[in-house]
Each structure stands twice: as C-alpha cells, then as structure tokens.
Amino acid sequence: MPETRRGATPPRIEPMAADAPLTGFRTLLYKEVLRFWKVAFQTVAAPVLNALLFLLIFSHVLDRHVTVYGDVAYTSFLVPGLVMMSVLQNAFANSSSSLIQSKITGNIIFVLLPPLSYREFYAAYVIAATLRGLFVGAAVLLVAMPFVELSMASPLWVLAFAVMGGAILGSFGVIAGIWADKFDQLAAFQNFLILPLTMLSGVFYSIHSLPHFWQDVSHFNPFFFMIDGFRHGFFGQSDTSPWLSLAVVSGCFVLLAALTLALLARGYKLRS
Amino acid sequence: MTVPAIRVSAVTKQYGTLKALGGVDLEIGQGEFFGLLGPNGAGKTTLISALAGLVRPDGGSLEIMGHDVVRDYRNARRNLGVVPQELVFDPFFSVRELLRIQSGYFGIRGNDDWIDEILASLDLTHKADANMRMLSGGMKRRVLVAQALVHRPPVIVLDEPTAGVDVELRQGLWQFVRKLNRDGHTIVLTTHYLEEAETLCGRIAMLKAGKVVALDTTENLLHRFATHSLRVSVDRAEAAVALGGMAVEDGWVEFAFEGYDKLEALLARLREAGAGLREIQLGEPDLERVFVEVMHRA
C-alpha cells in the first residue's frame, strides 16, 4: 500500500497569522508601484519627454503671439496644462495596463486568490495610479521650470486637483482594464475617450478664446474642470471658479468610485 | 468534532445552457490525499475555482476548514493554497520578490525563513533572485507551488500540476507533496494521469457532466468496479474471440473477468474450444479501468 494511504490522525496545520489588517492592501499597493518603477524608462521618462516636446513646439509657435489672463505668457500658461495632462494620462495608463496585462497573462489569479476585499483591491490600484500620475506630473514640472516663469499661487489647489484628477483617471483605468478583453479594446478606450476629452479640456488654450457655443460644450467635459482648477493653483485665476471645479471633480470621483466598486463587488469579468 | 477540510453542499453552477456543476456534494477530511478525477469538461476546475472564490456558485455552499468561501472568505482563503493549471507568472519580479509579495497579500510579512524552506524543498534556492522570465517551464511550475504555500495553508489544491512536466520534476514534485501530506496538509489533486492518482490518493471522487458519479476510497473503487484481465496467446484466435475475448495483437486475445474464482472456468472453456493455449498474462485491476467503467456506467 502506498505510504500516503493511511488512517493515522494527521497533525493539525494552522495557516500563518496575518500581521495587521491592512498588510494585504499595502502589499498590493507596493507591488503596483514597484511594477511601474521597474520600467520607469517607459512609464516615467517617456511621458516626460512627450510633454517637453509639446512644450517646445507650442511655445516656439505661439509664445510671442498669445498671452492669457491679461499678462501671462503662453508658455507659462501651457506648463500647468501639460503637467495635468501627464497626471491624467499616466494615472489611466497605470491601472488599465496593469489589469489588462494581468488578465491576459493570467497572473491576475495571484491577486484574486488571497483574502483581499474588493475595496482594498480598488484602493490599491487607484492609489498606485494616482502616485504614478503625480510622479510623472512632478517630473514634467521640474524639467519645464528652468524654461518658464512660473510660481504657485496656491499649492493646495494644485495638490487637490492633481490628486483628484489622478484618482478619477485611476478609477477609469480600473474600469477599462476590467472591461477590456484585448489590448485593442483598451486602446479604443484610450484613443476615443481619454485622449479627446484631455485635448479638448483646455490644456493648450483658455476656453475664453473659444466661441460661446464651444465654451458651453467645454463645461460638459469634466477634464476641463480638473485642468482649470489645477491651473488656478498656479495663477490664482482661471476660466471658472475653483470651488465649482472642485465640486464637479469631487462629484465625478464619487460617481466613478461608486461605479467601479459596484463592478468589483459583483466580480464583473474577474470572478465569473 | 473535527471540521472537514472541505465541505461542498449541493453546489450548482450554470454557464448559459451548460450545467458545469449540477448539485455537487463532497466532504474531504483533514489530512486526506484526495483525488478529483473526470474527463475534460466534467466540472473539476469549476469546482476548484468555486472553492477558491474565482467562480461564484449559483446555489449551494462551500467551506474550507469550516469557513464559508463567500460569507467568511478571508478565513476560507487563508486556509487554502491553489496551484493553478496554467503556467502563469508575473514577469516583473524575481522569485523571492514574488513570494514575498504573495505572502503580503495574505497579510504576512517577514516570513523569509519559511520562504527559504519552501525554496530549498523545491530546489529553487539558486534561482531565488532570478527574474521569472529567465526560468524554464519546470522551474515556473515549482514557483507556482511555492506561491500556493507561502501562507502555509492547511488545504492545498493542485489542479493538473504535472501536465506537460518531465518525469524527473514530476517525481520530485510528488515527493514534496507527499511530505506536505505527511506533515498534515490536506491535498486535493486533479490529474489526467490516473496512475498518479492511484498511487497517491487515499480517496477519489469522479465527476462527469458536473456530478459526482463515484466517491470512495481508492481500494474500494478498485475492488468494486474493476475487472481483472487475462491475456492469452493462442493458436486459434478466432476460437478465443468467439468466447467473448477481444483480439489485441497478433495471436493475443484479452478477456475481462471479475474475481479469480472465474479464472479456472474461463481457461477450461478455452481448452474445450480448442483455442490452443500457448501463454497467459494476468492483469491486476487499475484505476484506468475503473475510470472507464465508471464513466461508461454513469
């Protein structure tokens, strides 16, 4: 008879005790940050270079022809927009690409098997996405500073809108990453939704330079409020009240977070 | 009373028109080495996925060490380690990083002593700092086993762990899993290699179309269902075939019979038919025959 077929009472095995209630969440957050940091050339350096190319081209073409808010040089006006655009695009890219890669390669199972709640899952992915957005945004700002005259009138507004914008796009990324079954679908999400909303949000212009109709349309784009509020932190003036922007951005975040959490609670496309 | 390692009660799962699980009841005791067998599409992986919380059953309940996998999922998952069927890995990390991260997901930090022990047992110590992409398929398979063990779960599920694995690794893996079972871990194994299941498992459940069609100790299954085989080399194969035998190769005919008391009568009938007996071979019942028989009857 093989040795494993036995009737003796086996010793009882206890699983290892957990250290602290949030260790699982902290580990997932750490892993998500480490994931983009390990390929920082692609995830940080490349977006910084992109933003600088925009700055170089637009400032060369427009700096001597356009001023905004009375006496603000166009290049100075442009930098906060580019910084915020980098925050938003990279926050989205982080959570969406991490999730779709894990789904396609199958290693998402390592996150689904442990005793992590859907709230921990959401928080870890969104915070990691926000951190990448902030990191890239800060890098763009640092690299651009020597070339422009720029100061922060109100750093708290800057920080508030950067964090909220990163969290919104991080949530968007979670939804896109869970929904998409192929990279192709994710690219469609990015190219047909995120990119137009960003480009048409006032990154490169003040909406006061637009005809009335397009000014009104811009007010339906939540990205406009993220960028306008963020810019207010630098210049102390903006196209619309920063409080209104904060209310719109906060409302968007709450709605999107609720939607993402509801999908995760149902196990949508993750737990069949 | 000791709680069972796994309790599955009336579990159902439907995918569109496909009934993946049609009311499965199963209880696996602590310390068992249990085999879950069935043809492709029988529901084995769905059942394992339901235990692991990857699939949500439509009805019924599942418990790991007394913890409901839905209501008390944190404790249920802490008690369970799953080695998945597919060779999946995270290409961003080294083996040690991956194991530390996996430990952390289970709420455990600073368990490098246990990680070192697992790495040594699976002969992975020299690859601890290698990136996952640099490992061979066999090594990746061992890392999957290590990942399932980082939180030292009492119940370990191995879903086809030796599919496409070379003989040496297979032997090493079974040695290690046997040791885990001796140490008290409950092992649940699905495999298409029925010889492995016969050698390793004390009890076996067979699934077909989402239902348990046989559940017993391996010995009982072998006795209850299996028939012995008699292979004879004869001068006149057609005479032996006329008695119910099956021609298997040149001059050889195979008979199935239940119990050795029937053997003498069978040999006498062959003599009377003038088959011209030259050589005989007796075959013991094996799990493969049991499996075929059970699937045929179900």
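Residues numbered from 1 in each chain as written. Chains lettered and ligands numbered in written order. Predicted model: local features only at pLDDT ≥ 70, side-chain atom pairs only at ≥ 80, totals over all residues.

Asks: Tell me about helix H5 (residues 137-149) of chain B, and please be specific about residues and values.
Replies: Counted at 1.5 Å a residue, the expected span for H5 of chain B with its 13 residues is 18 Å, and the 19 Å between its end C-alpha atoms agrees. Taken together, the buried positions of H5 of chain B are Arg141, Arg142, Val143, Leu144, Val145, Ala146, Gln147, Ala148 and Leu149 of chain B. Buried residues belonging to H5 of chain B abut helix H4 (109-112) of chain A together with strand S6 (80-83), helix H3 (95-105), helix H4 (112-121), strand S7 (155-159) and helix H6 (167-182) of chain B. (Helix = DSSP H or I, 4+ residues; strand = E, 2+ residues; numbered from the N terminus. Expected span 1.5 Å × (residues − 1). Buried ≥ 20, exposed ≤ 12 C-beta atoms within 10 Å, placed from the backbone. Contact = placed C-beta atoms within 7 Å.)

Asks: An account of the interface of chain A and chain B is requested, with residue identities and associated values reported.
Replies: Where interface size is quoted, it is often the accessible area lost as the parts come together. In this assembly, 34 residues from chain A lie in contact with 43 residues from chain B. For the side of chain A that touches chain B, the secondary structure elements donating two or more residues are helix H1 (23-37) and H4 of chain A.

Asks: Give me the sheet that holds strand S13 (residues 252-257) of chain B: which residues, what numbers.
Replies: Sheet strands line up and pair through hydrogen bonds in the backbone, either parallel or antiparallel. Residues and elements named next belong to chain B. If you walk across this open sheet you meet the 4 strands as S12-S13-S11-S14, and the pairing is antiparallel. Here the strands that pair on one side only, and so sit at the sheet edges, are strand S12 (246-249) and strand S14 (277-283). Each strand of the sheet is rotated relative to its neighbour by a mean of 30°, with strand direction disregarded. With 3 bridges joining them, S12 and S13 adopt antiparallel strand pairing. (Pairing = 2+ DSSP bridges. Axes fitted to C-alpha atoms, helices over the stretch in contact; angles between N-to-C directions.)

Asks: Give a detailed account of the packing of helix H3 (residues 74-105) of chain A against helix H7 (residues 183-199) of chain A, specifying residues and quantitative values.
Replies: All names here are of chain A. At a closest axis distance of 12 Å, the pairing of H3 and H7 adopts a crossing angle of 165°. Between H3 and H7, the angle falls in the class roughly antiparallel. Viewed along their axes, H3 and H7 form a crossing whose handedness is right-handed. Mapping the contact onto sequence places Met85, Leu88, Gln89, Phe92, Ser96 and Ile100 in H3 and Phe183, Leu186, Ile194 and Thr198 in H7. Considering only residue class, the contact of H3 with H7 consists of 7 nonpolar, 3 polar and no charged. (Parallel < 35°, antiparallel > 145°, perpendicular 65-115°, else oblique. Left-handed = near helix turned anticlockwise from the far one by under 90°. Nonpolar A, V, L, I, M, F, W, Y, C, P; charged D, E, K, R; others polar.)

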